[in-house]
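An overview of the molecular structure
One-letter residues, chain by chain:
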Amino acid sequence: MPETTFLDANELVINMGPQHPATHGVLRVKLKLDGERVLGTECIIGYLHRGVEKIAENRTYAQFTPYVDRMDYCAAVTNGMGYVEAVEKLLGVEIPPRAQYTRMILAELQRIASHLLWLGTHALDIGAMTPVFYTFREREEILKIFEEYCGARLTTHAFRIGGLQYDLYDGFEREVVKFCDYFLPKIDEYEQLLTKNRIWIDRTRKIGVLSGEDAIALGVTGPVLRGSGVKWDIRKAQPYEAYDKVEFEVPTGEHGDTYDRYLVRMAEMRQSVRIIRQCVERLGPGPIFGKVGKVIKPPVGEVYHSIEAPKGELGYYVVSDGTVNPYRVRVRPPSFINLQALDKMSKGHLVADIVAIIGTIDIVLGEVDR
Amino acid sequence: MPSLNVAKEHLVAVCQFLKGSEGGAYTLLTDETAADYPKRQKRFDVVYHLYSFERNNRLRLRVQVGAEEKVPSVTSVWATANWLEREIYDMFGVVYEGHPDLKRILMPDEWAGHPLRKDYDILKQDAEWVKTNLGIESGQ
């Protein structure tokens, strides 16, 4: 942030403190304002730093899996998927197709749940108080499926290194298909509330514009990058699990503003439903666990594996020294890197737009701070 | 994933080359991280993961630095590196040259010690800060 002097009466530094209803967690933003115009922002994070990477060095690979859910606590299933796949890559283990399709179904359900939470809270921050009730009602259905599958709604610990712990319960496919049929018209309802709404368009069009080159330079990934026009999705570019066997589209935006990111995430929810239906069709009987020994001791080496989490590219860099504890686990957090773009996106806007921009980047402080 | 070891003197030049189209068009710095190998002479391994949209491939760069050495910053090549290098400075104590704003990011500004180093004692963390700010003994 540029220097201020005491006599610069036009410039005001205001603190948007760690306790704030619209910062999606404990995020402190120092705003440098000229009246109501934002000249610069500085984020101060670390209020939720729990030292997850340090903890990993003192746990075994399997013991660390539950910790990983607690980083992005709104999308625990995909966190677990990234970690478990990274270790499986290190071990060189193939997981059977039934486990792959199940993982994909749960991951896409989690993506829908994460986007629903995003939509509800983002609309709530901007002032539209109705969508949050509807989105949370739909999210309940997804969390019910998770609870029946693995016992937990939020921090699921759904996957194990090598496959799945629990086989699908009786009626899982039926409930998932029922949810897909129930949910698709609901997206139309949300669109009816917001997409052509005059106030929504005024509050989100041309707000927080991020061009494609700036997004790539800042390392931004996920719906924010796609909203800026870069058609890139890890599920298509470097497929993992069985994403290369299902058909889906990658929605992109044009202008890189908040409205485009909103449209991208709405379209992503529809594509997720499409993926889930295809996976349910391909679910066949079979084993759910690959060939992994009782004790997980990967050979000496390192791996970087990333997946398309709802927030962006979630990567795991795991270094193994041949013992049962990982030597180093690094989590590449999409929210942390996307949050860097806040400064660029918010220059020249009004204070009220800061809230819209923080919402549109879709951060979860658990992941930003780890 | 192919992996390259780079000497720190050539780091910025190599990164500029890799970012250009002849070097492979690695325009996305996916991640920059570090690992601590205290038994080695040069204890830190600063690892860069790059991605090229055009060629759809990834590359890993590795720079080995000792505890007292400074590493040139790549913020001039990829703006992503700003917070990533601040985090490595915070967690490992690797000092970057040419970084616009090198200060701690996750730990409090006045914290003593670098948590992700292997010789960091997790039961006795910055006892003074804990005592003054939290009022308890460190390690409880």
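Let me sum up the structure you'll find in this document.

So, the overall build of chain B
Looking only at helices and strands, chain B features three helices and six strands. Secondary structure elements in chain B, listed N-terminal to C-terminal, are β-α-β-β-β-β-α-β-α. Taking the principal axes of its C-alpha atoms as reference, chain B extends roughly 55 × 30 × 25 Å. Split into buried and exposed, the 140 residues of chain B put 35% on the buried side. For chain B, long-range pairs separated by at least 24 residues make up 46% of all intrachain contacts whose partners lie at least 6 apart in sequence.

Things to note about helix α3 (residues 76–91) of chain A
All names here are of chain A. For α3, which comprises 16 residues, the first-to-last C-alpha distance of 23 Å matches the rise-based estimate of 22 Å (1.5 Å per residue) to within 8%. In terms of burial, α3 is a largely internal element, 15 of the 16 residues being buried. Gly92 sits one or two positions beyond α3 and adopts a positive phi of about 75°.

Overview of the packing of helix α6 (residues 172–194) of chain A against helix α11 (residues 258–282) of chain A
All names here are of chain A. At their nearest, the axes of α6 and α11 sit 10 Å apart, and the two run at 160° to each other. Relative to α11, the element α6 is oriented roughly antiparallel. Between α6 and α11 lies a crossing of left-handed hand. Facing α6, whose interface residues are Glu173, Val176, Val177, Cys180, Phe183, Leu184, Ile187 and Glu191, α11 presents Met266, Met269, Arg270, Val273, Ile276, Arg277 and Val280. A breakdown of the residues in the contact of α6 with α11 according to their chemical character gives eleven nonpolar, no polar and four charged.

Considerations on helix α2 (residues 81–92) of chain B
Residue pairs three or four apart in sequence face the same way in an α-helix, which turns once every 3.6 residues. Here α2 of chain B spans 16 Å end to end across twelve residues, near enough to the 16 Å set by a 1.5 Å rise per residue. Of all twelve residues that make up α2 of chain B, twelve are buried, and the element is covered over most of its length. Every buried residue of α2 of chain B is accounted for by Ala81, Asn82, Trp83, Leu84, Glu85, Arg86, Glu87, Ile88, Tyr89, Asp90, Met91 and Phe92 of chain B. Looking at the buried residues of α2 of chain B, the elements they touch are α12 (334–339) of chain A together with β2 (28–36), β3 (44–52) and β6 (95–97) of chain B. Directly after α2 of chain B, the chain includes Gly93 of chain B, whose backbone phi takes a positive value near 90°.

Rules of the game
Residues numbered from 1 in each chain as written. Chains lettered and ligands numbered in written order. Predicted model: local features only at pLDDT ≥ 70, side-chain atom pairs only at ≥ 80, totals over all residues. Helix = DSSP H or I, 4+ residues; strand = E, 2+ residues; numbered from the N terminus. Buried ≥ 20, exposed ≤ 12 C-beta atoms within 10 Å, placed from the backbone. Contact = placed C-beta atoms within 7 Å. Expected span 1.5 Å × (residues − 1). Axes fitted to C-alpha atoms, helices over the stretch in contact; angles between N-to-C directions. Parallel < 35°, antiparallel > 145°, perpendicular 65-115°, else oblique. Left-handed = near helix turned anticlockwise from the far one by under 90°. Nonpolar A, V, L, I, M, F, W, Y, C, P; charged D, E, K, R; others polar.

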